[in-house]
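Tertiary structure, described
Next come the chains, spelled out residue by residue.
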Amino acid sequence: ASSGPAAAAAPRAGKTPHRGNGFWITAMAVSTGGPEALTRVIPGLPADYPTPIVMVQHMPPHFTTSLARSLDLRSAIKVVEAEAGMILEPGTAYLAPGGRHMTGGLAGGRLQIGINDDEPECNVRPAADVLFRSLAGIPNRQDVLAVVMTGMGEDGRRGVDHLKRVGCFCLAQAEDSCVVYGMPRAVVDAGLADEVVPLEDLAGRMTGLVSRTALKV
């Protein structure tokens, strides 16, 4: 059970929300108010967090470099600004570079990051929808733990919809702890959120959900 209110909306019929066979990756989407929110979540994760974490924070070029460095200094896990070709490893968080889309894919049997300059989606680049959709396209995976946090607009909603078709459990940040309740509201209103969790409880809930899983390549 969640340590915070679990006023979750049920996923829409026809989806496979969570098969119960573990998580292979944690994917996070955040925008307005994101740097402060991430500072309150990522340092709360243990060093042995058992999945890779991929994060999209809407930012222009260069700003994500300093954000990744700041989070890394505060955290037990490793935090890096993502680069093309990086191999996804448990206990490491990869922050999409400002102004560029990040994807996940298979290369030579290993899970690795892709970076591209395709057109913005939801008027943003990087976009969580791009990342989430790429993860949904990787075959023979365990479930994805998706976390949609404070932010304007609805980036992440379509991506979570794609993830739900292959196996996903979605946490949405609670409204009263958001700077802007746009992105979380979009997944809640679409019936895609499994739990609604206050910001201060997100790190603990994420850790609890993935604590018995490990990356399967």
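Up top you'll find the structure we're talking about.
Residues numbered from 1 in each chain as written. Predicted model: local features only at pLDDT ≥ 70, side-chain atom pairs only at ≥ 80, totals over all residues. Heavy atoms only, no water.

As for the nonpolar core
This is how it is decided: By nonpolar core we mean a set of buried residues, namely Ala, Val, Leu, Ile, Met, Phe, Trp, Tyr and Cys, connected to one another through side-chain atoms within 4.5 Å. The cut-offs for exposure are 20% and 50% of the maximum accessible area for each residue type, with area from a 1.4 Å probe on protein chains only; residues under the lower value are buried, those over the upper are exposed, and the others partly exposed. Secondary structure elements are taken from DSSP: a helix is a run of H or I of four residues or more, a strand is a run of E of two residues or more, and numbering for both begins at the N terminus. Two residues form a contact once any of their heavy atoms are found within 4.5 Å.
If you look at the biggest cluster of nonpolar residues, it comprises 39 residues, and the most contacted ones within it are V54, M102, F132, L135, V160, L163 and V187. Breaking this core down by element, the ones donating at least two residues are β1 (23-30), β2 (53-57), β6 (110-116), α3 (128-136), β7 (143-148), α4 (157-164), β8 (168-173) and α5 (183-189). With 5 residues, α3 is the largest single contributor of residues to this core. Among residues more than four places away in sequence, those in contact with V54 are I25, T26, A27, M28, L88, Y94, M102, L131 and L135. Counting residues in hydrophobic clusters, the runner-up holds 31 residues, among them L38, L71, L199 and L209.

What to know about unusual backbone geometry
Most peptide bonds take the trans form, and the phi angle of most residues other than glycine is negative. Going from R125 to P126, the amide bond is cis rather than trans, its omega being 10°. Locating P126 in the fold gives a position in the loop between β6 and α3. Despite not being glycine, C122 shows a phi value in the positive range, around 55°. Position of C122 among the secondary structure elements: in the loop between β6 and α3. Residue classification places C122 among the partly exposed residues on the basis of a relative accessible area of 30%. In this model, N123 sits at a positive phi of 65°, which is unusual for a non-glycine residue. Mapped onto the elements, N123 comes out in the loop between β6 and α3.

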